[in-house]
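Understanding the architecture of this molecule
One-letter residues, chain by chain:
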Amino acid sequence: MPTPAPDDDENTTGATGGPDPVVTVGVPAVVAVIPTRDPGPWFVDALAGLAAQEYPNLSILVIDAGSAEDPTSLVASVLPTAFVRRSERRLGFAAAANEALGAVEGATFLLFCHDDAQLLPGAVQGLVSEAFRENAGIVGAKLVDWDRPDRLRSMGARIDKFGVPAPSVEPGELDQAQHDSTDEVAVVSTAAMLVRADLFADLGGFSTDIDGLAEDLDLCWRARVAGARVVSTPGGVARHRELAGIGDPDATRRRLAGRHQARVMLACYSAPQLVRIVPQAVVGSVLDILLNVVAARFRQAGDIVSGWLWNLFHLPTTLRIRRRVQQSRRTPDLEVRSNQVRGSVRLSGYLRIARSMGERRLPAALAAARDLPSSWQDGAGPISPLALIALVVMVIFGARGLFGAGLSSIREFVPLEHVGALARGWWNGWRDVGLGHQGPAPSVNLGAAALSVISFGSSALARTVVLIAALVLGPVGSWRALRDVASTRSRLVAASATLAVAVPADAVGEGRLQALVVFAAMPWILGRVVRLTRLEPFDSGLRRSSVRQGVGLGLVTAAAFVVAPVSVIVLVLLGVVVAAATSLAGHVRAAGSVLAGVASATATVAVVHLPTTIDLVGRSDRWWLLVGSSAPLPRVDVPSMLRLSSGTATGGWLLAAIPVAAVVPLLVARGWRLRLAATCWAVTLGSWATVALTARFFAESGTPSLPLLLAPAAAALAMAVGLGVAAFESDVVGGTYGWRQLVSICGAVVVAAGMLPLLFGSFDGRWRLPEGDTVSAVATLAPTSSPQFRTLWIGAPDDLPLRGRMLEPGLAAGITTGVTPTVENLAPAQEGLGDQALVSVVRSALRGESARLGRGLASFGVRYVVVVTDPTAAGRDPDPVVKRTIEVLEAQLDLTEQSVAPGMGVFSSD
């Protein structure tokens, strides 16, 4: 029975203020403990349920966990003999329930109840009888719906090896006595839980470090470890609202389920079991994260990550609890495991949903086109997200060889600078690039510094993660672009088509980081730009203006701008093309909405990247810095543009499968699907036209790389292929068999063929990235101490691992501190007098006016001259202008040639 035990901030009083209630001798004493805080109107009914119990030795203890109003008078009006123990602090359910440890003496059982659970007549007697009959330490009542008592809420649950509950009944299931048997379970609800008082004291009560969720799982698991049984019985029934302010988790606290289940698992398993189960739990969490990411449920994915981090930071507390649990062990883990379900509850539930989506079989070959099952027409359900996860896994599989060897440092795939140097350059405005310059550091420095911190200073790991992230974000962007407007199957096909085009393979194989980043960002940008039209199907539920939508678009573009400043130009051109196409379709107002949103996005990018924007506007070489190359764009033939390939990707004419399949929606779609597909083709034609005009009229000036120029076409064509599937589902299925059905079937075959190059490209484990590079070869020249010299790099503008300055047509040069180019060298500072003087010295030697170039370079601190003939160090024959440069350097009297590796000439001024 409860005995008063007041302290400084707590008060225990009888509701009537009279003497303690009399305990009937010979009947096990039961104390009902009701933690409450600001209870709802149903609290009176919950108290009335206790008052109606005919059990002769029942006492009531209400724990007020910091209510705004004192509930004592309310309790007294229903239960005059009850005790109320008040706390000025706001306690959680576990902490409040644990007050019974110091407030109750002489009780045999503690009956924990929520303040929104009403025990039906005979419930206490039934629970106590079952505890003795089953020799159980914890007994749970049958919980039914408050308003519909014929519907079940809970009758306990089993758990899997990871602590995830598998309920014995489906919530809302009709109660037809089909579950009316006492069963041994793993966990019962605290809404109506009878616990032996001595067991509760030995266990130390509920664990308060997970207060708010999973207290029932923790207590029941620890009780099982201590040798007690946990059962659920229909002999005690309670109505339950699941609306208690303390005890019933709300939607916010349910996000903590994974965190607390992991904590309980870590504390309750023995060491041998943990060694086996924790790796499985980690793998399952990774798959769960991937599933949530591809479904754009980023909050849920973040909850999983934060759950493991929370357990890592709270590991000392968990270890203390774990020691107490293991000291109380009376039951081996094998016996505890015998009451657990096999496999994973989460995975089994997901697959069960997938199987319930209906048949996936096609009838006869031609009949399928006009009479498909509704389950096919409505989408693929959970199967398509799983297929998207398989696509992500294939990306990681295709990059498996990069985790050990790292990325080859060719062109823009250069190592990161040390985080300290990057941070100092950002803070003090001094850039140790070239000959050293004062001025704002580019945004790529800050991004590289953050990436270096995340990767713990491992440049190889950081660059590999960037490559994989770019290859994954592109398909995920296409998946997101068609959200809420197309079926899951359509979005999956669009995502697969995004990765199947040649653009990402060419970008990786040629070492073009900017092109890869633009490829990853384009589906996100394109999806937001077409939504700016605010036309069907993007016209429902609109609350934000185009300008406000443009801010979100600007943030996406600003993220790409960190590595690829040219992305802001791509955004503007994309907005112009989409606005023009929308206007030609007769939607002039929608075109204005697009232009307003793109203008807002451009302004957002400029603001986010201050002071880089100011530096960029004030430079005379701004175009050179934006486009990322000083190399001319080679002439591109029509077949190459149709394949979206610069020649590095393999697959031949199969690479043209995606553009061919993108024609399908133009032939079979109707309504908004046709209009949106036409917009995608306008973007594609604009991209192709940009390539053709650039190669024709700007062949001698610096231009973006071909994969970068084709990235908008890749994103648009992938979206069009997805729209083809949406058109088939909405505009073709159900009609009589004809040419539309035939075109759709042919399109599906073409898309399947277009996936073959992607599959074969993953086999080498490097996504076609060459294994050799000049940067790694020349790194052997670096001393072990901090470099006190510079290196002059000379070669064709497109072969250098840095942004070089033109010496003459077809030849560029750049300076690095030490021998290794870094991301700093991808965005050089403004040219100063020292740079001009150095370029003048080199040009003079190349014209044959000097035979002692080494002496001239020494005044600038240059020790080595590296001439790149092949960026992959494979020994390719040099271009004539590069070959002539090597001959000039060989003729210098104060330069010594060193044999380092094929594909390069190295000269030392020592």
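This text gives an overview of the structure that appears in the document. (Residues numbered from 1 in each chain as written. Predicted model: local features only at pLDDT ≥ 70, side-chain atom pairs only at ≥ 80, totals over all residues. Heavy atoms only, no water.)

**Thoughts on the pattern of salt bridges**
- Tallying each qualifying case throughout the model produces 26 salt bridges.
- When the shortest N-O distance is used, the salt bridge between Arg263 and Asp209 registers 2.8 Å. Taken together, the positions of Arg263 in helix α9 (residues 257-268) and Asp209 in the loop between α6 (197-202) and α7 (215-225) put the pair 54 residues apart, joining distant regions of the chain.
- Its relative accessible area of 23% is what places Asp209 among the partly exposed residues.
- The closest approach of N and O atoms between Arg512 and Asp798, which form a salt bridge, is 2.6 Å. Here Asp798 lies in the loop between β16 (790-795) and β17 (805-808) and Arg512 lies in the loop between α22 (502-509) and α23 (513-531), a separation of 286 residues in the sequence.
- Arg512 sits in the buried class, given a relative accessible area of 11%.
- Judged by relative accessible area, which is 23%, Asp798 ranks as partly exposed.
- Through salt bridges with shared partners, a single network forms among Arg411, Glu510, Arg512, Asp798 and Asp799. (Salt bridge = Lys/Arg side-chain N within 4 Å of Asp/Glu carboxyl O. Helix = DSSP H or I, 4+ residues; strand = E, 2+ residues; numbered from the N terminus. Buried < 20%, exposed > 50% of the residue type's maximum accessible area, 1.4 Å probe, protein only.)

**Things to note about helix α1 (residues 43-51)**
- Regarding α1, the residues found buried are Phe43, Ala46, Leu47, Gly49 and Leu50. In a view along the axis of α1, the buried residues occupy a sector of 150 degrees, so they form one face of it. (Arc of directions from axis to C-beta.)

**Quick notes on the nonpolar core**
- Among the nonpolar cores identified, the biggest contains 96 residues, and Leu467, Leu516 and Leu644 are the most heavily contacted of them.
- For this core, the element with the highest residue contribution is helix α33 (residues 706-732), accounting for 17 residues.
- Excluding its chain neighbours within four sequence positions, the residues that come into contact with Leu516 are Phe413, Leu467, Ala470, Leu471, Pro504, Ala507 and Val508.
- The next biggest cluster of nonpolar side chains, apart from the first, holds 59 residues, and it includes Phe83, Phe200, Ala228 and Val325. (Core = buried A, V, L, I, M, F, W, Y, C linked by side-chain atoms within 4.5 Å. Contact = heavy atoms within 4.5 Å.)

**A look at the packing of α22 against α33**
- The N-to-C vectors of α22 and α33 enclose an angle of 160 degrees; their axes lie 9 Å apart at closest approach. The angle between the axes of α22 and α33 places the two elements in the roughly antiparallel class. The handedness of the crossing between α22 and α33 is left-handed. Judged by residue contacts, Val503, Asp506 and Ala507 of α22 engage Pro707, Leu710, Ala711 and Ala714 from α33.
- Its residues placed into classes, the contact of α22 with α33 shows six nonpolar, no polar and one charged. (Axes fitted to C-alpha atoms, helices over the stretch in contact; angles between N-to-C directions. Parallel < 35°, antiparallel > 145°, perpendicular 65-115°, else oblique. Left-handed = near helix turned anticlockwise from the far one by under 90°. Nonpolar A, V, L, I, M, F, W, Y, C, P; charged D, E, K, R; others polar.)

**Notes on the pairing of strand β18 (residues 811-817)**
- Counting buried positions along β18 gives six out of seven residues, so the element sits mostly inside the fold.
- As paired elements, β17 and β18 share three bridges and run antiparallel to each other. By the bridge assignment for β18, Glu808 is matched with Leu811.
- Two successive antiparallel strands, β17 and β18, enclose a turn made up of two residues, where Gly810 displays a positive phi of approximately 85 degrees. (Pairing = 2+ DSSP bridges.)

**Quick look at unusual backbone geometry**
- For the bond from Glu536 to Pro537, the omega torsion is 10 degrees, close enough to zero to count as cis.
- Residue placement: Pro537 occurs in the loop between α23 and α24 (546-561).
- Each neighbour pair has its own omega, and for Leu610 with Pro611 the value is 0 degrees, a cis peptide bond.
- Relative to the elements of secondary structure, Pro611 occurs in the loop between α26 (588-608) and α27 (612-617).

**Comments concerning the packing of α24 against α26**
- α26 packs onto α24 with a crossing angle of 45 degrees between their chain directions and a minimal axis gap of 7 Å. Accordingly, the angle class assigned to the pair α24 and α26 is oblique. Crossing of α24 over α26 shows right-handed handedness. Of the residues in α26, those in contact with Ser546, Val547, Gly550, Val551, Leu553, Gly554, Leu555, Thr557, Ala558 and Phe561 of α24 are Ser593, Gly597, Ser600, Ala601, Thr604, Val605 and Val608.
- Its residues placed into classes, the contact of α24 with α26 shows nine nonpolar, eight polar and no charged.

**Side note on helix α25 (residues 567-584)**
- Along its 18 residues, α25 runs 26 Å from first to last C-alpha, staying within 8% of the 26 Å computed at 1.5 Å per residue.
- Three or more residues of α25 are buried, namely Ser567, Val568, Val570, Leu571, Leu574, Gly575, Val578, Ala579, Ala581 and Thr582. Along the axis of α25, the buried residues cluster in a sector spanning 165 degrees; they form a single face.
- Looking at the buried side of α25, the elements it contacts are α23, α24, α26, α32 (671-697) and α33. (Expected span 1.5 Å × (residues − 1).)

**What about the environment of Trp688?**
- In this fold, Trp688 is placed in helix α32.
- As for Trp688 and Val638, which are separated by 50 residues in sequence, their C-alpha atoms are 9.2 Å apart.
- Reaching out from Trp688, the side chain makes a polar contact with the backbone oxygen of Met641 at a distance of 3.1 Å. (Polar contact = N/O pair within 3.5 Å; in protein donor to acceptor, adjacent residues only side chain to side chain.)

**Overview of the environment of Glu510**
- Take Glu510: it is sitting in the loop between α22 and α23.
- On the basis of relative accessible area, Glu510 is assigned to the buried category, the value being 9%.
- Taking C-alpha positions, Glu510 is 7.2 Å from Thr648, a pair spaced 138 residues apart along the chain.
- Discounting chain neighbours no more than four positions away, the residues touching Glu510 are Ile410, Arg411, Ser646, Thr648 and Pro707.

**Notes on the sheet that holds β16**
- Pairing within the open sheet is mixed, and its six strands lie in the order β17-β18-β16-β19-β21-β20. In this open sheet, the two strands that pair with only one neighbour each are β17 and β20 (896-898). For this sheet, the mean angle separating the axes of adjacent strands, direction not counted, is 30 degrees.
- Bridge count for strand β19 (residues 862-868) against strand β21 (residues 904-908) is five bridges, and the pairing is antiparallel. Paired with Tyr864 across the strands is Ser908, a residue of β21.
- Helix α37 (residues 833-846) contacts β16, β17 and β18 of the sheet and is inclined by roughly 25 degrees relative to β17.

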